[in-house]
Amino acid sequence: MVLYTSPFPNSFLSVLHSFSWGLIFPCYWLADRLVASFVPTTYEKRQRADDPCYFHALCIIITTPIYLALLVASLPFALIGFLLWSPLQSARRPYIYSRLEDKNHANGATLLTEWKAAGNGKSFCFGSANVCLLPDSLARFNNVFNTQARAKEIGRRIRNGASRPQIKIYIDSPTNTSISAASFSSLVSPQGGDSTNRTVNAGIKRTTSMEYKGDNSGSNNSEDSREDKGGAGEPNEGEENSCIVRINGEDNGHMSDAETDTVNGQAHASGPAEPSLEGDAEISKTPNHKQKEGDSGSLDSYSASRESLVKVRVGDGTVDQSTVNNKLLYKASIMKKTSVRKKKHTDETFDHEISAFFPANLDFLCLQEVFDKRAAEKLKEQLHHYFEYIVYDVGVYSCHGCCSFKFVNSGLLFASRYPVMDAAYHCYPNGRGTDSLASKGALFLKVQVGSTPQDQRIVGYISCTHLQAIAGDTTVRCEQLDMLQDWLSEFRKSTSSSSTANPEELVAFDVICGDLNFDNCSSEDKLEQQHSLFTHYKDPCRIGPGEDKPWAIGTLLDPEGLYDEEVCTPDNLQKVLESEEGRKGYLVYPTSKNHSSSQKGRKASLKGNGRRIDYMLYTEEGLYLEWKVEVEEFSFITQLAGLTDHLPVAMRLMVSTGEDDP
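Nothing here was measured: the structure is a model prediction, and the numbers come from that model.

Points about the overall build of the protein chain
Turning to step 1, where the next piece is worked out: Assigned secondary structure in the protein chain consists of 15 helices and 20 strands.
Turning to step 2, where the next piece is worked out: Here the protein chain holds 662 residues, and 60% of them are scored as buried.

Observations regarding the sheet that holds strand 15 (residues 505-515)
Turning to step 1, where the next piece is worked out: Spatially, the five strands line up as an open sheet ordered 12-13-14-15-18, and their pairing is mixed. Edge positions in the sheet fall to strand 12 (420-427) and strand 18 (614-618), since each has one partner strand and no second. Shown here is a sheet whose adjacent strand axes are inclined to one another by a mean of 15°, direction ignored.
Turning to step 2, where the next piece is worked out: As paired elements, strand 13 (residues 441-451) and strand 14 (residues 457-466) share nine bridges and run antiparallel to each other. Its bridge partner lying in strand 14, Ser451 is registered against Arg457.
Turning to step 3, where the next piece is worked out: Across the sheet, helix 11 (residues 474-495) touches strand 12, strand 13, strand 14 and strand 15, and the angle it forms with strand 13 is around 35°.

A word on the packing of aromatic side chains
Turning to step 1, where the next piece is worked out: Going through the model one piece at a time under the given rule, you end up with 32 aromatic pairs.
Turning to step 2, where the next piece is worked out: Each residue in the set Phe124, Phe126, Phe364, Phe414, Tyr418 and Phe509 is aromatic and connected to the rest through ring pairs, giving one cluster.
Turning to step 3, where the next piece is worked out: Above the plane of the ring of Phe534 lies Arg542, whose end atom (NZ or CZ) is 4.1 Å from the centre.

Let's talk about the UniProt feature "transmembrane region" (unreviewed entry) in the protein chain
Turning to step 1, where the next piece is worked out: If you check UniProt for "transmembrane region" (unreviewed entry), the listed places come out as residues 12-31 and 52-85 in our numbering.
Turning to step 2, where the next piece is worked out: Regarding residues 12-31, the helix share stands at 100% and the strand share at 0%, and the terminal C-alpha atoms are separated by 29 Å.

Re the packing of helix 6 (residues 147-162) against helix 10 (residues 373-383)
Turning to step 1, where the next piece is worked out: Remark: helix 6 packs on helix 10, axes separated minimally by 8 Å, with the N-to-C direction vectors making an angle of 20°. On the basis of the axis angle, helix 6 is roughly parallel to helix 10. As helix 6 packs across helix 10, the resulting crossing turns out to be right-handed. In this structure, helix 6 contributes Thr147, Gln148, Ala151, Lys152, Ile154, Gly155, Arg156, Ile158 and Arg159 to the contact, and helix 10 contributes Arg374, Ala375, Lys378, Leu379, Gln382 and Leu383.
Turning to step 2, where the next piece is worked out: Here the contact of helix 6 with helix 10 is built from residues that sort into six nonpolar, four polar and five charged.

Quick word on unusual backbone geometry
Turning to step 1, where the next piece is worked out: Its identity as a non-glycine residue notwithstanding, Asn146 has a phi of 55°, on the positive side.
Turning to step 2, where the next piece is worked out: With respect to the helices and strands, Asn146 occurs in the loop between helix 5 (136-139) and helix 6.
Turning to step 3, where the next piece is worked out: Phi at Asn517 takes a positive value of approximately 60°, unusual for a residue other than glycine.
Turning to step 4, where the next piece is worked out: For Asn517, the position within the fold is in the loop between strand 15 and helix 12 (526-529).
Turning to step 5, where the next piece is worked out: Given a relative accessible area of 11%, Asn517 falls into the buried group.

Side note on the pattern of salt bridges
Turning to step 1, where the next piece is worked out: All told, the structure shown has 21 salt bridges when counted by the stated rule.
Turning to step 2, where the next piece is worked out: Across the pair Asp363 and Arg417 runs a salt bridge, and its minimum N-O distance is 3.0 Å. Placement of the pair is Asp363 in the loop between strand 8 (351-355) and strand 9 (364-370) and Arg417 in the loop between strand 11 (413-416) and strand 12, with a sequence separation of 54 residues.
Turning to step 3, where the next piece is worked out: Asp363 gets classed as buried once you look at its relative accessible area, which sits at 2%.
Turning to step 4, where the next piece is worked out: For Arg417, a relative accessible area of 2% gives the class buried.
Turning to step 5, where the next piece is worked out: As a salt-bridge pair, Asp435 and Lys440 come within 2.9 Å of each other at their nearest N and O atoms.

Digging into the nonpolar core
Turning to step 1, where the next piece is worked out: Core analysis: the biggest nonpolar cluster contains 91 residues, and Phe364, Phe414 and Phe509 have the highest contact counts within it.
Turning to step 2, where the next piece is worked out: The element best represented in this core is strand 15, accounting for seven residues.
Turning to step 3, where the next piece is worked out: The contacts of Phe414, once residues within four sequence positions are left out, are Phe364, Leu365, Cys366, Tyr389, Ile390, Val391, Val420, Leu443, Leu445, Val447 and Ile462.

Description of helix 3 (residues 55-88)
Counting along an α-helix, one turn takes 3.6 residues, and residues three or four places apart therefore face a common direction.
Turning to step 1, where the next piece is worked out: Leu75 marks the point of greatest bend in helix 3, at about 40°, and the proline Pro76 comes within the next four residues.
Turning to step 2, where the next piece is worked out: Of all the positions in helix 3, only Ile60, Thr64, Tyr67, Leu71, Ser74, Ala78, Gly81, Trp85, Ser86 and Leu88 are classed as buried.

Some thoughts on the pairing of strand 2 (residues 122-133)
Turning to step 1, where the next piece is worked out: The element strand 2 is extensively covered by neighbouring structure, given that twelve of its twelve residues are classed as buried.
Turning to step 2, where the next piece is worked out: Bridge analysis of strand 2 against strand 20 (residues 649-656) gives seven bridges, and the strand direction is antiparallel. Bridge assignment links Lys122 to a residue of strand 20, and that residue is Val655.
Turning to step 3, where the next piece is worked out: Strand direction decides the pairing type here: strand 2 and strand 9, joined by six bridges, are parallel. Directly across from Ala129, in strand 9, lies its bridge partner Leu367.

Quick word on the sheet that holds strand 11
Turning to step 1, where the next piece is worked out: Strand order across the open sheet formed by eight strands is 1-10-11-9-2-20-19-8, with mixed pairing between neighbours. Of all the strands in the sheet, just strand 1 (96-99) and strand 8 have a single pairing partner and so form its edges. In this sheet, neighbouring strand axes are inclined to one another by 15° on average, regardless of whether the strands run parallel or antiparallel.
Turning to step 2, where the next piece is worked out: Sheet topology note: the strand 10 (residues 389-392)/strand 11 ladder contains three bridges and is antiparallel. Residue pairing in the sheet places Tyr389 in a bridge with Ser416 of strand 11.

Remarks on the state of the cysteines
Turning to step 1, where the next piece is worked out: Following the criterion strictly, the structure yields zero disulfides and no others.
Turning to step 2, where the next piece is worked out: Cys366 takes part in no disulfide bond, and the closest cysteine sulfur to it belongs to Cys513, at a distance of 4.1 Å.

Considerations on a nonpolar patch on the surface
Turning to step 1, where the next piece is worked out: A cluster of nonpolar side chains, Leu58, Ile61, Ile62, Ile66 and Leu70, forms an exposed patch at the surface whose accessible area comes to about 490 Å².
Turning to step 2, where the next piece is worked out: Tracing the sequence through the fold places Ile61 in helix 3.

A look at the packing of helix 1 (residues 11-36) against helix 3
Turning to step 1, where the next piece is worked out: Where helix 1 meets helix 3, the closest approach of the two axes is 7 Å, and the angle between their N-to-C directions is 150°. When the axes of helix 1 and helix 3 are compared, the pair comes out roughly antiparallel. In this structure, helix 1 meets helix 3 at a crossing whose hand is left-handed.

What counts and what doesn't
- Residues numbered from 1 in each chain as written.
- Predicted model: local features only at pLDDT ≥ 70, side-chain atom pairs only at ≥ 80, totals over all residues.
- Heavy atoms only, no water.
- Helix = DSSP H or I, 4+ residues; strand = E, 2+ residues; numbered from the N terminus.
- Buried < 20%, exposed > 50% of the residue type's maximum accessible area, 1.4 Å probe, protein only.
- Pairing = 2+ DSSP bridges.
- Axes fitted to C-alpha atoms, helices over the stretch in contact; angles between N-to-C directions.
- Contact = heavy atoms within 4.5 Å.
- Phe/Tyr/Trp six-rings, centres within 6.5 Å; stacked < 30°, edge-to-face > 60°.
- Lys NZ or Arg CZ within 6 Å of the ring centre and 35° of its normal.
- UniProt positions renumbered as here; feature names shortened; annotations may be inferred.
- Parallel < 35°, antiparallel > 145°, perpendicular 65-115°, else oblique.
- Left-handed = near helix turned anticlockwise from the far one by under 90°.
- Nonpolar A, V, L, I, M, F, W, Y, C, P; charged D, E, K, R; others polar.
- Salt bridge = Lys/Arg side-chain N within 4 Å of Asp/Glu carboxyl O.
- Core = buried A, V, L, I, M, F, W, Y, C linked by side-chain atoms within 4.5 Å.
- Bend = angle between axes of the 7 residues up to and from the residue.
- Disulfide = S-S within 2.5 Å.
- Patch = residues over 30% accessible without salt bridge, like charges linked within 9 Å, V, L, I, M, F, W, Y side chains within 5 Å.
- Areas by Shrake-Rupley, 256 points an atom, 1.4 Å probe, with all protein chains shown as cover.

Dropping the structure here:
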């Protein structure tokens, strides 16, 4: 299947489309600004309350007549442009595939080595987020604004979080986990393939303060780094940028001063620290982009989050320390905590946490509500610093391909560190209300993640979707889930080049990500909860219909509280969501007819952990029979605090080949 790298099949149509949109854009922009001036966010309302001179009101009085006059003047040109633009959409392709040609620009992708499915299994990390990148006037109804600046900052935070080092700490003694406050530079060293160290059951996870400084533009892809990895033995697959520190249980988990000095000495001998990531002047336009002391959203501040940059687990085996990577220097600070957050359920087979960062070594990213095309370009530019392959501007416009007129695309965007082999998009034909104005649908992708020694391709399937959002449209969502399954089955059949007798491809995983717009614990969403999709695909957060695991939390934030000081930074939001009272104040809960509609006025009666409408599902059906897929880690992420009204989610899958570890 040919991947579309441009929206139109020839340059003439592309030029004609650009010309028509150039006629439409002034009218579109003026209308957007005019409406936006009358829809203030809570942050702007607080600013105006402190303005004794009513300066903003004066600005509106002056600018409104100007906007109206210019809008009326631009209407004839917009009409001509629309008459040209609309028929062109019948020739438009359903997505744009962007591949970064300059691989030195994509730091994350250059670290990948081809998986040969020998020895250890391999882990793959998936992320999903609804980023609310609507035109600014519409985004304000969700209490977010400045879409263009938000798009740039969202992309920057995602790629900075994903490209950070993955640091793990193993403690021999499960009864003594206290760690003294010691500052040391992390040793970036891939480890040997000890399967016991990869086991997550009976693990203890600690979140601590970390300091991360470094420009990801050059150090991660140095040849010397790869030579060091080769000299250290066989690395664990999927952990290209990891550091493991061993703490002996015999000294009660404390690092002695001598040990601290030794580690410091080794690290400082490796070379000077890399400069911090470049600043961004544009992000200062909105309050949620201002970095305060302790805000680690962009990983640029000296004080980073207490998120799980450090993972503490109980390890039965030894951890081999390899040579220090003399091209990297990452500062880390482990702070003593009075309590250790343990798994509440010892029968859980994987780690779970509320994290202030996107997972390190993120492989695949599925985004929803990237509706604004200019914002999509800015977001793509930032993501290309880490992801080499991106599919964006997904969907159809006008009356092409769907039953009703579509003003905006599907809002779906997919980014990958692995090459995309095939892609397909389908539009849901049954959208209702305001959702029918967008070409919501499903994007299906096939990626190649490796090959076997017999030259068989190892592939994976990823589906990204966004379902009907209007409350009460349960039948519409169930129909869309039916179509999702049918389209995915057709996509797998049409793109498969294998036969059972002579397989040319081995399927490693099949994952569905997206905003499904229903909650597994809400009484109003019972039809969706019992859908057949959940008999074929597993939800790591779900026990059964109407019941989530106790650690699972809602992913829909209360828009009214986005700019409260308690939750406006990744650190603060993480701390709030770790407590039940905090979740009741800042997450949206299922509606109830018996209680007040005010979110904060019915705290006492709220049950559960909020509405979880963003999902990550995986299946074991249709995969290579000799391999086993299991969840290694699941995270709720606060790194986009103040930038969107949803919590991103991430899941790390381990694909075990069934062979003995070397």
